[in-house]
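Residues per chain, in single letters:
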Amino acid sequence: AQSVTQPDIHITVSEGASLELRCNYSYGATPYLFWYVQSPGQGLQLLLKYFSGDTLVQGIKGFEAEFKRSQSSFNLRKPSVHWSDAAEYFCAVNAGNMLTFGGGTRLMVKP
Amino acid sequence: EPEVTQTPSHQVTQMGQEVILRCVPISNHLYFYWYRQILGQKVEFLVSFYNNEISEKSEIFDDQFSVERPDGSNFTLKIRSTKLEDSAMYFCASRGDRVGPYEQYFGPGTRLTVT
């Protein structure tokens, strides 16, 4: 069965610093991978997705993610974090007709 | 920009009562979903719905749960007799065509509290 692991439950970075959130997946077939962000009191907003092709994908709000099949990873990155990026981030894999989510990483941004 | 909406934002109910959570998916979407997130836990898939029938459901989605698309716009989740462990955030999502983009668009959620 498919699974997604986000090893970091909490991450704190300083504003302006770079960010990398880790995601590892387990899925037998070619994965469709997603990153969602959830701000307090909000729903899940899609940041970016990977289906095929270029393994480096660009998303909204200056985020990007790199798919590495050999490492079963799909890490999310941002070169310079803004205070408004503080939120919870979820990695997910599309398995058939459903999404399987990781446990989430809560990002805090220090001024 | 079109979005998924959900009502109510917060529902408090007593154990054993029936609740109906409502969702309005994006208008031209064809696939509809319910997920839930118990506090501090992962977002979990409950059920998917296509062409007026359930296409897939998880083991969480037992006989106490049902879904319906009563008209052309609403998509509802009913819990027949709520239990304390049903307390969670419930998210509705929708997706467009079955071929092509697989991204699901989520609503803001309904927080269900069972007392």
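As shown above, the structure is provided for reference.
In this text, all values refer to a predicted model and were calculated from it rather than measured experimentally.

(A) How the structure looks around the sheet that holds strand S8 (residues 75-79) of chain B. Residues and elements named next belong to chain B. Pairing is antiparallel across the open sheet formed by 4 strands, whose spatial order is S1-S3-S8-S7. Each edge of the sheet is formed by a strand with only one pairing partner; in this case those strands are strand S1 (5-7) and strand S7 (65-68). Taking each pair of neighbouring strands and ignoring which way they run, the sheet shows an average axis angle of 20 degrees. Note that strand S3 (residues 19-24) and S8 share 5 bridges and pair antiparallel. Pairing of Arg 22 across the sheet is with Thr 76, part of S8.

(B) How the structure looks around the packing of aromatic side chains. Taken as a whole and judged by the stated rule, the model has 21 aromatic pairs over all chains. Geometrically, the ring pair formed by A:Tyr36 and A:Phe101 is tilted, given 5.9 Å between the ring centres and 50 degrees between the ring planes. Remark: A:Phe101 occurs in strand S11 (residues 98-101) and A:Tyr36 occurs in strand S5 (residues 32-38); sequence separation between them is 65 residues. Among the aromatic residues, those joined into a ring-pair cluster are A:Tyr32, A:Phe34, A:Tyr36, A:Phe51, A:Phe90, A:Phe101, B:Tyr33, B:Tyr35, B:Phe45, B:Phe91 and B:Phe106. Across the ring face of B:Tyr31, the terminal group of B:Arg95 is positioned such that the distance to the ring centre comes to 4.2 Å.

(C) A look at unusual backbone geometry. Backbone torsion omega between B:Thr7 and B:Pro8 reads -10 degrees, so that peptide bond is classified as cis. Considering the arrangement of structural elements, one finds B:Pro8 in the loop between S1 and strand S2 (10-13). Here A:Ser72, not a glycine, exhibits a phi torsion of approximately 50 degrees, which is positive. Note on placement: A:Ser72 falls in the loop between strand S8 (64-68) and strand S9 (73-78).

(D) View of the interface of chain A and chain B. Listed as interface residues are 19 residues of chain A and, on the opposing side, 19 residues of chain B. Taking both sides of the interface into account, the surface hidden between chain A and chain B amounts to around 1,600 Å²; carbon and sulfur atoms contribute 57%. Summed over the shared surface of chain A and chain B, the result is 1 salt bridge. Note that B:Glu103 and A:Lys49 form a salt bridge whose closest N and O atoms lie 3.3 Å from each other. Inspection of the chain A/chain B interface yields 4 residue pairs in polar contact (both at pLDDT 80 or more). Where the side of chain A that touches chain B is concerned, the elements lending two or more residues are S5, strand S6 (44-50), strand S10 (87-95) and S11 of chain A. It is S5(A) that provides the largest number of residues to the side of chain A that touches chain B, a total of 4 residues. Residue composition of the side of chain A that touches chain B, grouped by class: 11 nonpolar, 7 polar and 1 charged.

Rules used throughout
Residues numbered from 1 in each chain as written. Chains lettered and ligands numbered in written order. Predicted model: local features only at pLDDT ≥ 70, side-chain atom pairs only at ≥ 80, totals over all residues. Heavy atoms only, no water. Pairing = 2+ DSSP bridges. Helix = DSSP H or I, 4+ residues; strand = E, 2+ residues; numbered from the N terminus. Axes fitted to C-alpha atoms, helices over the stretch in contact; angles between N-to-C directions. Phe/Tyr/Trp six-rings, centres within 6.5 Å; stacked < 30°, edge-to-face > 60°. Lys NZ or Arg CZ within 6 Å of the ring centre and 35° of its normal. Contact = heavy atoms within 4.5 Å. Buried area = accessible area lost by both parts, 1.4 Å probe. Salt bridge = Lys/Arg side-chain N within 4 Å of Asp/Glu carboxyl O. Polar contact = N/O pair within 3.5 Å; in protein donor to acceptor, adjacent residues only side chain to side chain. Nonpolar A, V, L, I, M, F, W, Y, C, P; charged D, E, K, R; others polar.

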